[in-house]
Amino acid sequence: MSNASIAASAYANTAKLANPLDGVDSGSDKSGAFGNMVQSAISEINEGGQVADTQSLNLLQGKANVVDVVTAVAETELALETVVSVRDRVISAYEEIMRMPI
């Protein structure tokens, strides 16, 4: 399997994460606000990853500057780390709620 097909597969999987509840009625508009924020963040990370991948390919072809590639990769890495931190905090909050006495 080539690197391009691996990257395409990874981006497709990330795009699926952006809309995990397609076709499911959320029931209220307020509950969708957090979900919309998460979907937006995942979409932005997916786009950033594609930009970084494109910049990397352009560098290999001699069409891009090393600074541009490093910047694109660093921005994508920072965005991904932020989303992982938010995910960890949400899981921690959920676990704390589950430990509360009724």
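In this text the structure is predicted, and so the values were computed from the model without any measurement.

Chemist: Can you help me understand the overall build of the protein in this one?
Modeler: Helix and strand counts for the protein come out as 3 helices and 0 strands. Sequence-distant contacts in the protein: of pairs separated by 6 or more residues, those separated by 24 or more amount to 57%. Within the structure as shown, the protein displays about 8000 Å² of accessible surface, and the carbon and sulfur contribution to it stands at 60%.

Chemist: Looking at this model, I keep getting lost on the environment of N65. Mind explaining?
Modeler: When you line up the elements, N65 lands in the loop between α2 (32–60) and α3 (66–99). Taking the relative accessible area as the measure of exposure, N65 reaches 42% and is therefore partly exposed.

Chemist: Would you mind showing me how to read the pattern of salt bridges here?
Modeler: Opposite charge on two side chains allows them to pair when their charged atoms are near. Applying the stated criterion to the full structure yields 2 salt bridges. With a closest N to O distance of 2.7 Å, R87 and D88 form a salt bridge. Assessed through its relative accessible area of 46%, R87 is described here as partly exposed. A salt bridge links E96 to R99; its shortest N-O distance comes to 2.7 Å. Residue E96 and its partner R99 are both found in helix α3; the two are separated by 3 residues, about one turn of the helix. For R99, a relative accessible area of 57% corresponds to the exposed category.

Chemist: Sorry if this is basic, but what is going on with the side chain of T76 here?
Modeler: Along the chain, T76 falls in helix α3. Residue classification places T76 among the buried positions, given a relative accessible area of 17%. Among the polar contacts listed, one links the side chain of T76 to the backbone oxygen of A72, at a separation of 3.0 Å. Non-local contacts of T76, meaning those with residues more than four positions away in its chain, are made with I45, G48, G49 and A52.

Chemist: When you look at the confidence of the model for the protein in this model, what are you seeing that I'm missing?
Modeler: Low pLDDT marks regions whose predicted coordinates should not be analysed in detail. Residue-level pLDDT values for the protein average 80, and 70% of them are 70 or greater. Here helix α1 (residues 3–18) stands out as the element of the protein with the lowest mean pLDDT, 63, in contrast to α3, whose mean of 91 is the highest.

Calculation notes
Within each chain, residue numbers correspond to sequence positions counted from 1 in written order. Thresholds applied to this predicted model are a pLDDT of at least 70 for local features of residues and 80 or more for the giving and counting of side-chain atom pairs; totals over whole chains, interfaces and linings are not thresholded and use all residues. By convention in this description, side-chain values take in all heavy atoms of the structure and omit both hydrogens and water. Secondary structure elements are taken from DSSP: a helix is a run of H or I of four residues or more, a strand is a run of E of two residues or more, and numbering for both begins at the N terminus. Throughout, a contact is declared for two residues whenever any of their heavy atoms are within 4.5 Å. Per-residue and other accessible areas were derived by the Shrake-Rupley procedure at a 1.4 Å probe size, with only the shown protein chains allowed to occlude residues. Note on exposure labels: buried denotes an accessible area under 20% of the residue type's maximum, exposed denotes more than 50%, and partly exposed covers the range between, all computed with a 1.4 Å probe on protein chains only. The working definition used for a salt bridge is a side-chain nitrogen of Lys or Arg within 4 Å of a carboxyl oxygen of Asp or Glu. A 3.5 Å cut-off defines polar contacts: any pair of N or O atoms within that distance qualifies, except that in protein one atom must be a possible hydrogen donor and the other a possible acceptor, and neighbouring residues in sequence count only when both atoms are side-chain atoms. Here pLDDT means the predictor's own confidence in every residue, given as a number from 0 to 100.

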